[in-house]
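Here are the chains, one letter per residue:
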Amino acid sequence: MAQPDFDQARFIAALTRHQPALEAFCHAQLANRQDAQEALQATCVKLWEKAADWDAETEFLPWAFAVARFTVLSFIRDRMRDRLVFDEDVVLAMAQETEVAAAEFEERREALGNCMRKLKAEQRGILHAHYLTGRTVREIATGTQRSESAVKMTLLRLREQLSQCIQRQLHPSS
């Protein structure tokens, strides 16, 4: 099955590291979350089946995207009777842009983490309350004894600050 020089540990590490990007790719290609999860699972199975074909000296993600693209297209062909599935032409048109965005996903996530650590605890708390726990602006305003407009402005400024920080980390020469 596998070639003698196949490095299973390296393959597992690459697949694990890039699974969020593959997941983002599948979600971008399919309209339905459940379909995207099924396509991701099928992609992972196909990657395991083809693991010995991967040259560990080359980048994993472009190879995995090619497998994912064909898996998604196969999935779409199987589901053509569902009117919510994109046509094959649309998927192919979106694939290149999605691959680039998904490849940058991990870098952006890491940059966001670095930028979040630079914020004050209170600022992180407001972002956490709103975006992770789903608290409304009104609830945050009440909890922090601020006006709703002050909380809205704080969220706006923090989003802008994080966006600029992420851009600086991803493109330091800009």
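These numbers come from a predicted model, not from an experiment.

Peer 1: Explanation requested: the overall build of the protein chain in the structure shown.
Peer 2: When you go through the protein chain residue by residue, the secondary structure sums to 7 helices and 0 strands. Along the chain direction, N to C, the helices and strands of the protein chain fall in the order α-α-α-α-α-α-α. Relative to the globule expectation of 16 Å for 174 residues, the C-alpha radius of gyration of the protein chain, 21 Å, shows a markedly less compact shape. Taken along its principal axes, the extent of the C-alpha atoms in the protein chain is 65 × 40 × 30 Å. For the protein chain, the residues scored as buried account for 30% of the 174 residues in total. Taking all contacts inside the protein chain whose residues are at least 6 apart in sequence as the whole, residues at least 24 apart take part in 66%. Per element, the accessible surface of the protein chain, about 11,400 Å² overall, is 51% carbon and sulfur. Taken as two groups, the 23 positive and 25 negative side-chain charges of the protein chain have centres that lie 11 Å from each other.

Peer 1: For this particular structure, what's the right way to read the packing of helix α1 (residues 8-29) against helix α2 (residues 33-49)?
Peer 2: Packed helix pairs are characterised by how far apart their axes lie and by the angle those axes make with each other. In contact at an axis separation of 10 Å, α1 and α2 are set at 155 degrees when each is read in the N-to-C sense. It follows that α1 is roughly antiparallel to α2 by the angle criterion. As for how α1 packs across α2, the hand of that crossing is right-handed. Side by side, α1 and α2 meet where Q8, F11, I12, L15, Q19, L22, E23, C26 and H27 of the first sit next to R33, A36, Q37, A39, L40, T43, C44, L47 and W48 of the second.

About the cut-offs
Residues numbered from 1 in each chain as written. Predicted model: local features only at pLDDT ≥ 70, side-chain atom pairs only at ≥ 80, totals over all residues. Heavy atoms only, no water. Helix = DSSP H or I, 4+ residues; strand = E, 2+ residues; numbered from the N terminus. Rg over C-alpha atoms; globule rule 2.2 N^0.38 Å. Buried < 20%, exposed > 50% of the residue type's maximum accessible area, 1.4 Å probe, protein only. Contact = heavy atoms within 4.5 Å. Areas by Shrake-Rupley, 256 points an atom, 1.4 Å probe, with all protein chains shown as cover. Lys, Arg positive; Asp, Glu negative; His and termini not counted. Charge placed at Lys NZ, Arg CZ, Asp CG, Glu CD. Axes fitted to C-alpha atoms, helices over the stretch in contact; angles between N-to-C directions. Parallel < 35°, antiparallel > 145°, perpendicular 65-115°, else oblique. Left-handed = near helix turned anticlockwise from the far one by under 90°.

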